[in-house]
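So you can see what is in the structure, the chains are spelled out below.
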Amino acid sequence: MGVLNVTPDSFSDGGEFFGFEKAAEHGVKMANDGADIIDVGGESTRPDAERVPADEELARVIPVIEKLSRNIDALISIDTSKSVVARTALEVGASIINDVTGGRGDSAMFALAAEKKAALIIMHMQGTPQTMQIDPTYNDVVGEVADFFRQQYTRALECRIDPMAIAFDPGIGFGKTVEHNLELLANLPRLRIHDRPLVIGVSRKAFLGRISGTKKMSDRVAPTIALTSLLRERGAQVLRVHDVKANVDALRTTEALLATTA
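Model, not experiment: these values are computed from the prediction.

> Help me understand the nonpolar core in this model?
Nonpolar side chains tend toward joint burial in soluble globular proteins. Of all hydrophobic cores here, the largest spans 64 residues; its most connected members are Ile38, Val40 and Ile97. The leading source of residues in this core is helix 5 (residues 141-158), at eight residues. Those residues in contact with isoleucine 97, other than ones at most four positions away along the chain, are Ile78, Ala86, Leu90, Met109, Leu112, Ala113, Ala118, Ala119, Leu120 and Ile121. Core analysis: the second largest hydrophobic core is formed by seven residues, Met1, Ala167, Val199 and Val238 among them.

> Would you mind going over the sheet that holds strand 2 (residues 37-41) with me for this structure?
Two orientations exist for strands paired in a sheet by backbone hydrogen bonds: parallel and antiparallel. With respect to topology, six strands assemble into an open sheet ordered 1-2-3-4-5-6, the strand pairing being parallel. Across the chains shown, the open sheet's two edge strands, defined by having one partner strand only, are strand 1 (2-5) and strand 6 (166-169). Within this sheet the neighbouring strands show an average axis-to-axis angle of 25°, counted without direction. Strand direction decides the pairing type here: strand 3 (residues 75-79) and strand 4 (residues 96-99), joined by three bridges, are parallel. Residue pairing in the sheet places isoleucine 78 in a bridge with isoleucine 97 of strand 4. The sheet strands contacting helix 1 (residues 20-32) are strand 1 and strand 2, and the helix crosses strand 1 at an angle near 180°.

> Where do I start with empty space enclosed by the protein in this structure?
Unfilled space is identified by rolling a water-sized probe across the atoms. Taken as a whole and judged by the stated rule, the model has one cavity of 30 Å³ or more. Its volume calculated, the largest cavity comes out at about 40 Å³. Surrounding the largest cavity, Glu43, Thr45, Glu57, Asp79, Thr80, Ser81 and Val100 form its lining. Of the residues in the lining of the largest cavity, the class split is one nonpolar, three polar and three charged.

> Would you explain the pairing of strand 3 in this entry?
The side chains of a regular strand alternate, first on one face of the sheet and then on the other. Summarising burial for strand 3: four of the five residues are buried, a large majority. In the sheet, strand 2 pairs with strand 3 via five bridges, with the strands oriented parallel. Within strand 3, the residue paired with isoleucine 37 across the bridge is leucine 75. Each parallel crossover has a hand, and for strand 2 linked through helix 2 (residues 54-71) to strand 3 it is right-handed. Handedness of the crossover joining strand 3 and strand 4 through helix 3 (residues 83-92) is recorded here as right-handed.

> I'm lost on the packing of aromatic side chains in this one. Help?
Two numbers describe a pair of aromatic rings. These are the distance of the centres and the angle of the planes. On inspection of all chains with the given rule, the structure shows three aromatic pairs. Relative to phenylalanine 149, the ring of phenylalanine 148 has its centre 6.2 Å away and its plane inclined at 50°; by these criteria the two rings are tilted. Accessibility classification places phenylalanine 148 together with phenylalanine 149 in one group, the buried group. Arranged with centres 4.7 Å apart and planes meeting at 35°, the rings of phenylalanine 149 and phenylalanine 168 form a pair that is tilted.

> What am I meant to see in the layout of surface pockets here?
In this structure, the second largest pocket occupies an estimated 310 Å³ of space. Around the second largest pocket sit 16 residues that line it, and Met1, Asp36, Gln237, Leu239 and Leu251 are the ones nearest its centre. If you list the elements that add at least two residues to the lining of the second largest pocket, you get strand 8 (238-239) and helix 10 (244-261). Here the residues of the lining of the second largest pocket sort into nine nonpolar, three polar and four charged.

> Mind showing me how you'd approach the pattern of salt bridges here?
One pass over the full model with this rule turns up 15 salt bridges. The partner of aspartate 147 in a salt bridge is arginine 150, and the shortest N-O contact between them spans 2.8 Å. Taken together, the positions of aspartate 147 and arginine 150, both in helix 5 and three residues apart, correspond to about one turn of that helix. For aspartate 147, a relative accessible area of 39% puts it in the partly exposed group. On the basis of relative accessible area, arginine 150 is assigned to the partly exposed category, the value being 42%. Across the pair aspartate 243 and arginine 204 runs a salt bridge whose closest N-O atoms are separated by 2.9 Å. You can see aspartate 243 sitting in the loop between strand 8 and helix 10 and its partner arginine 204 sitting in the loop between strand 7 (199-200) and helix 8 (206-212), a full 39 residues away along the chain. Bridged by salt links that share partners, the residues Glu43, Arg51, Glu57 and Lys82 form one connected network.

Cut-offs used in this document
Residues numbered from 1 in each chain as written. Predicted model: local features only at pLDDT ≥ 70, side-chain atom pairs only at ≥ 80, totals over all residues. Heavy atoms only, no water. Core = buried A, V, L, I, M, F, W, Y, C linked by side-chain atoms within 4.5 Å. Buried < 20%, exposed > 50% of the residue type's maximum accessible area, 1.4 Å probe, protein only. Helix = DSSP H or I, 4+ residues; strand = E, 2+ residues; numbered from the N terminus. Contact = heavy atoms within 4.5 Å. Pairing = 2+ DSSP bridges. Axes fitted to C-alpha atoms, helices over the stretch in contact; angles between N-to-C directions. 1 Å grid on protein atoms, 1.4 Å probe; cavity = no way out; pocket = protein on both sides within 12 Å on 5 of 7 lines; lining within 4 Å. Points joined across faces, edges and corners; volume = space filled by probe spheres on them. Nonpolar A, V, L, I, M, F, W, Y, C, P; charged D, E, K, R; others polar. Right-handed = clockwise from strand over helix to strand, strands pointing away. Phe/Tyr/Trp six-rings, centres within 6.5 Å; stacked < 30°, edge-to-face > 60°. Salt bridge = Lys/Arg side-chain N within 4 Å of Asp/Glu carboxyl O.

If you want it as structure tokens, here you go:
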């Protein structure tokens with residue numbers, strides 16, 4: 001899954017692809033580099049990020065999704081917590097809703113996914129982007145995230161979402177310390193609910209810099225590739241990344257090894 005941030009304040013690229021032409025061009029490039037899904041977002045969810053009004057979010061993402069839907073074969077995901085944004089995105093070419101609030105931010109999101117027969121990624125986040133990293137606390141981070149998945153899975157089925165269209169994301173870096181992140185990543189089997197796919201995003205995240213002892217964003221690329229390959233070997237099915245070609249090359253190598261040892 002290639003990350004396409006159509007925002008001026010993304011933590012990872014600082015707004016490099018903010019603007020229709022640059023964003024669409026980058027989305028096509030990621031698809032050509034091997035991404036199976038392009039995840040388009042118009043609201044930054046980095047720590048302390050400001051909320052974006054729905055009309056502004058729509059203006060950022062809809063033209064990009066329209067153009068991508070005409071020019072790539074990859075699936076398109078809309079990264080939003082607003083049902084009004086998701087609805088319009090689905091109408092112009094997206095087929096997946098990636099909701100960082102896991103359905104808690106907008107009570108209409110699950111009903112929309114059912115109505116449109118869209119795939120749904122349910123992510124865990126403690127708090128909001130404005131509060132999530134103030135003092136994240138858990139008694140058992142793996143158990144609590146897994147319980148959240150079970151609760152939202154039950155709610156999704158009650159809303160008549162196809163269970164085969166649901167995936168789960170533990171929300172690495174979203175209301176978690178470095179230790180929480182590592183504990184979640186080390187326990188993927190405990191997070192698997194009803195054998196649904198796990199979506200994992202570690203790409204360029206701050207905890208990689210804290211572990212490796214560097215603050216430069218470019219120094220997080222190599223740790224991302226290494227960890228993404230390891231997580232695929234440990235059962236993650238969807239890997240959300242910024243540097244698509246490098247990660248795809250590494251994942252193809254990992255897949256070849258898994259096929260040989262299976």
